[in-house]
Every structure is written in C-alpha cells, then in structure tokens.
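# Residue-level structure breakdown
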Amino acid sequence: MSADRSSGDRQSADRQSGDQQSGDRHIRGMARGGGLNLVGAVLNQGAVFLVMLLLARFLGISEVGQYAQCYAVLALLSLLSLSGFRAGLTRFVAVHLADDDPAAVRGTIRLGLLISAASAAAIAAALAVAAPWLATALNDPGLVTGLRLVALTLPALTVCEAALAATRGWRTQRPFTLIGQIYEPGTRLLLTAGALILGAGVTGSYWALVIAGWSAALLALGALARLLRTVTPGEIVYRPRQLFSFSTVSWLSSLSSTGLIWVDTLMLGFFANDEIGVYNVATRLVTVAIFVLAPINAAFGPYLAYLHHQGRADEVRRIYGAATGWVVRLSLPAFVALLVFPEGLLRVFGGGFAAGAAVTLILAVGQLVNAATGPCGTVLNMSGRVAVNMYDNIAALLLNILLNLWLIPAYGIVGAAIAWAISLAVVNIARVLQVRALIHAVPVTTGMLKGLAAGLTALAAGLAVRWLVPGWPAQLLIGLPVVAAVYAGAVLALGLSREDLMVLRTLRRGGRRDGGTGSSDAADSPGAGGAPAAHLEEAAR
C-alpha cells in the first residue's frame, strides 16, 4: 500500500511538473510574440503621434478635426466590412491547425477573405456616392474629398486586416507586426510628411492613407500565402455555419467596441463643435498610454484559443494573469506622465491644444481601468463566449451615445470625455466579473500590485518635478526621465516574479528556443508542415 501511495505521489508530481513546463513554454511563446508586437506597437503609436503632430504644426486645429472625422469613418466602415472575420479567422485557423485539419484551414481563409473583400467594395461604393450628404450631416462640406479617398482606401484596409488576422492563427506575430504595425503606419507617416512639405495639405494626407493601405494589403496577402504553404496541400473544406455563427456575433461586438472609440468624434461633428481637433489630439495622446494592450492581446489570443480548446484551464488562468500584469506594468509610466503633465504634452502640438488637458486627465482615468482589467474581452472571445462580449460592447456603446447626447451640448469636449471614461469603466468591470465566472480567475496579481505601488512612487516624483521646475518645456525634459527612472527603480526594488525573469531571458535571447536553436514562425505554429496533433506541444517549443 505504501508503494502504491509513493507511486501515486510520483505520478502527481510528474503531472504538476509537466503542467509547469507546458505553462512555461506558452509564457515564453507569448513573450516572443508579445515582445515583437510591443516593438511594433511603439513604432505604430509613434507614427500616429507624429502624423497628428505634423497636421497640427503644418495646418491647424480645423484640419486635424477633418482628418480625425474621416479616419473615424474609415475605422468604423472597415469593421463593418470585415463582418467579424478578424476574430473569427484568428480563432478558427488556430483551432483547425490544432486539430490538424488543413482542408478546413484553407476553406476558412478563403471564405473570410472573399466575403470581407466583397463587403468592403460594396460599402466603399456607397460611401463615395453618399459623401456629400455625410459631409453636410457633419457640418463640414470640406469633408467630401476626404470621405471619397477613405472609400478608395477601405477595400485595401479590410483585406489587409483579414489576411493579417488569419496569419495570427499560426501563433506568429511577425506579419501582423511588421506589416500592420510598422510598414503601414510608417509608410503613411512618410507620405504624409512629404505631402505636407510639398504643400498638398490635408488632401495629401488622405492620399497617404490610400497608398499605404493598398501596398500593405499586397504584403499581407503575400505573408498569408507563405504560411499556407506550410500546411499540407489538399482539398478545401468550407464550414460556413461554424465561422458565420462566431463571426456575426464578433462583428457586432467589434463594431460596438470601435464605435465606442470613434462615436464621440462623430457626435461632436453632428453638434457642430469646433474643438474636434483639440479633442482628437487629447484622446489620441491618451491611447499612447494603452498601446501595450493591443500587442499583448494579439499574442495572448491564439494561445488562449489553443489552450481553451484543449480544456487546459490552469494554463489559461496562468497566462491571463501574466498578460494582465504585463499590460499594467508596461503602461503605468505613460499614465503617470499624462496625469502629471497633461498641458505640457498637449502644448507640443501647439498652444491651442492645451485646452484639452481636462479631456486627457478624464480619459487617462478611464483607460487606466481598461488596462487594470487586462485582456478580459479577449478571454471571452477566444473561449467562444463572443455573444457575451457582444452584449457588453453594445451596452457600452449605447451608454456612451446616451451620455454624449446629454453631456456634449452642456460641456462640449469635456462631456464627451466623461461619457467615454464612464463607458470604459462600466464595460470592463462587467467583463472582469464575467471572466471570473468563466475561468475562476481575476486579473489581480502580485505583479500588478507591485506595478501599482511603483506607479504611485513615480507619480509622487513627477508631482515634485512639476512643483519645483518652472515652465512646461523644462518640466517635460526633466519630469519624463525622472518618472521613467523612478518607476523602473521601484519595480526592480520590489522584485520581479519567476514569469518576469523567464520573459526577460526569452527576449534577451531574441526569441530563440530553450535549446538554443533558431526559430521560425512556421516552426512555432501548431500544425506547421502538417504536423499531427500529438506533436503540437513540440511544435510550440
């Protein structure tokens, strides 16, 4: 009997050790993809920031407002065209690869691309015809040219996003990062700068969108074709019911989520508010602080879909906690800077933009709640609870619209900021409770608490600089490095977790395998080269 107990204890220990090693592999895999995504997100946000800075410096507040409204229309119609296939392509490509079903992989990709492209072409034609009416509704007839060039960009952007979403199903982030986060915004920045220098004005910036979008779409299709060559060739199997049932709900969810981001800009236009340019610069400045959420979500999503599909709940909880901790700790220095130096940061765009300081402060609080709740929406989507996420997003959008209708006439851009911040806080708190019921986990980890403590220390240091140093240029030049240094020092003093050290080692090795061999994205992928499902763990190493 004693020997039986000893044998059982050894088997239990072996299982725990195997689970720990498996979890470590997925954490390292997320670190490789998340690290690359993070670099891309930094460059992407830098490009967006510089485009707005160039428009503000070369043109003025009204032109920035025009560009913001046209870009809002592009963002919303792009999601409308995608019909939810962005999340659907990522999830079902990952699932079919995990099941070693290459025929379904090919069918899913072909179906998603064809329907998205057709939808985008139809919507683009309608927008081109309706541009004068929409410009009148937004109280700015000068928007007609911009809206028609947005219509020309729409099919390209839709195809690009659909193709890049499919590549993430291979659990690789390289095409998404290199094309979607580096090439497209970088090209748009360079072309915008050239257009403004040559005197092409805001119309030149719209043409930059067109050229960058179409060239990025071609590159995305090429990257997807290369990954498809790693899948065993054969017949194509379509499973439209499975894809449509998920993607239709995901489409409504994504459309509502993006509407939450851009509806305030459009509603300010409907109310003929002349501070749209100021509001857009202030809001885009706040999105810089939350830039880490998108790349970590992109790295986290495919692993969650893969692990949840296999019923490995402990590993799902572990990577959820790790991802949330990374989001909070990486974004906190930027939030501290926004809370301490809002006027100075806005003055970089021009003196007139400092009027948006209150908007920046209000939205920083709302987005801090968004960061602290982690990738809870991704957990719901990739675990198949996309309908729950849809209802959350629709409710948040309706709340935002009602608050905007109430607050914008009375308080202008400050009212729009309050509406957005409240909507963000409400929807994310609701998602945390739903994820708690789903996977029995909350996004509060030791790493997060240490990050918050370090953030409070950095906040005190930043406020001291603001009090002691006169003038906004000097405050920024001294205060931003002080905030970063104090925060980093506090994080190190409080200690790094085992996962943190593992991630740092992975990033320092440049994404190489534990065994020291080089890696390729195809080899990282489950089912790469037609590998059977039994060998997926080895393929992920």
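Everything below is about the structure printed above this text.
What comes next is a walk through the structure. These numbers were taken from a predicted model, which means no experiment stands behind them.

## Digging into the overall build of the protein
Secondary structure summary: the protein contains 21 helices and zero strands in total. Going through the 541 residues of the protein one by one, you find that 56% of them count as buried. In the protein, of all internal contacts separated by at least 6 residues, the share reaching a separation of at least 24 is 82%. On the protein, roughly 21300 Å² of surface is accessible, and the fraction owed to carbon and sulfur atoms is 66%.

## Description of the side chain of Ser331
Along the chain, Ser331 turns up in helix 11 (residues 313–340). Look past the residues within four positions of Ser331 in its chain and what remains in contact with it is Ala289, Val292 and Ala371.

## Re the pattern of salt bridges
Counted according to the given criterion, the structure contains two salt bridges. The salt bridge partner of Arg188 is Glu184, with a shortest N-O separation of 2.9 Å. You can see Arg188 and its partner Glu184 sitting in helix 6 (residues 174–197), four residues apart, about one turn around the helix. Each member of the pair, Arg188 together with Glu184, is buried. For the salt bridge of Arg466 with Glu343, the shortest nitrogen-to-oxygen distance reads 3.5 Å. Of this pair, Arg466 sits in helix 17 (residues 446–468) while Glu343 sits in helix 12 (residues 342–347), and the two are 123 residues apart along the sequence. Here Arg466 falls in the partly exposed class, since its relative accessible area comes to 34%. A relative accessible area of 30% means that Glu343 is categorised as partly exposed.

## Comments concerning the side chain of Thr360
Along the chain, the position of Thr360 falls in helix 13 (residues 357–372). Those residues within four positions of Thr360 in sequence are excluded, and the remaining contacts are Ala282, Leu285, Val286, Leu338, Pro342 and Leu346.

## What about helix 9 (residues 276–289)?
The end-to-end C-alpha separation of helix 9 is 21 Å, in line with the 20 Å expected for 14 residues at 1.5 Å each. For helix 9, the tally of buried residues reaches 13 of 14 residues, placing the bulk of the element in the interior.

## Comments concerning a nonpolar patch on the surface
A contiguous nonpolar surface patch, about 330 Å² in accessible area, is contributed by Val442, Val444, Leu449 and Leu452. When you line up the elements, Val442 lands in the loop between helix 16 (413–439) and helix 17.

## Side note on unusual backbone geometry
Phi is positive for Asn139, close to 60°, though the residue is something other than glycine. Summarising the element assignment, Asn139 is placed in the loop between helix 4 (102–137) and helix 5 (144–168).

## Quick look at helix 5
Side chains three or four residues apart in an α-helix point the same way, a direct result of the helix having 3.6 residues per turn. If you check helix 5, its first and last C-alpha atoms are 36 Å apart, about what 25 residues at 1.5 Å a residue would give, namely 36 Å. Remark: the principal bend of helix 5, roughly 35°, maps to Thr153, with a proline, Pro155, within the next four residues.

## Topic: the packing of helix 2 (residues 61–82) against helix 4
Direction vectors running N to C along helix 2 and helix 4 enclose 145°, while the axes themselves pass 8 Å from each other. Crossing angle aside, the handedness with which helix 2 passes helix 4 is right-handed. Note on element contacts: helix 4 touches helix 2 through Ser116, Ser119, Ala120, Ile123, Leu127 and Leu134, opposite Val73, Leu77, Leu80, Ser81 and Leu82. Here the contact of helix 2 with helix 4 is built from residues that sort into eight nonpolar, three polar and no charged.

## Section: the packing of aromatic side chains
Going through the model one piece at a time under the given rule, you end up with three aromatic pairs. With a centroid separation of 6.1 Å and 5° between ring planes, the pair formed by Tyr67 and Tyr206 is classed as stacked. Separated by 139 residues along the polypeptide, Tyr67 in helix 2 and Tyr206 in helix 7 (residues 201–228) bring together distant segments of the chain. Here Tyr67 and Tyr206 have matching classes, each one buried. Of the aromatic side chains, those joined through ring pairs into one cluster are Tyr67, Tyr71 and Tyr206. The aromatic ring of Phe176 is capped on one face by Arg168, whose charged end is 4.4 Å from the ring centroid.

## Observations concerning the nonpolar core
Ranked by size, the top nonpolar core spans 94 residues in total, and within it Tyr67, Val73, Leu147, Tyr279 and Leu363 carry the most contacts. Filtering out sequence-adjacent residues up to four positions away, Leu147 remains in contact with Cys70, Val73, Leu127, Ala131, Leu134 and Ala135. The next biggest cluster of nonpolar side chains, apart from the first, holds 26 residues, and it includes Leu89, Ala163, Leu164 and Ala217.

Rules of the game
Residues numbered from 1 in each chain as written. Predicted model: local features only at pLDDT ≥ 70, side-chain atom pairs only at ≥ 80, totals over all residues. Heavy atoms only, no water. Helix = DSSP H or I, 4+ residues; strand = E, 2+ residues; numbered from the N terminus. Buried < 20%, exposed > 50% of the residue type's maximum accessible area, 1.4 Å probe, protein only. Contact = heavy atoms within 4.5 Å. Areas by Shrake-Rupley, 256 points an atom, 1.4 Å probe, with all protein chains shown as cover. Salt bridge = Lys/Arg side-chain N within 4 Å of Asp/Glu carboxyl O. Expected span 1.5 Å × (residues − 1). Patch = residues over 30% accessible without salt bridge, like charges linked within 9 Å, V, L, I, M, F, W, Y side chains within 5 Å. Bend = angle between axes of the 7 residues up to and from the residue. Axes fitted to C-alpha atoms, helices over the stretch in contact; angles between N-to-C directions. Left-handed = near helix turned anticlockwise from the far one by under 90°. Nonpolar A, V, L, I, M, F, W, Y, C, P; charged D, E, K, R; others polar. Phe/Tyr/Trp six-rings, centres within 6.5 Å; stacked < 30°, edge-to-face > 60°. Lys NZ or Arg CZ within 6 Å of the ring centre and 35° of its normal. Core = buried A, V, L, I, M, F, W, Y, C linked by side-chain atoms within 4.5 Å.

Remember that the coordinates give geometry; whether it matters functionally is a separate question.
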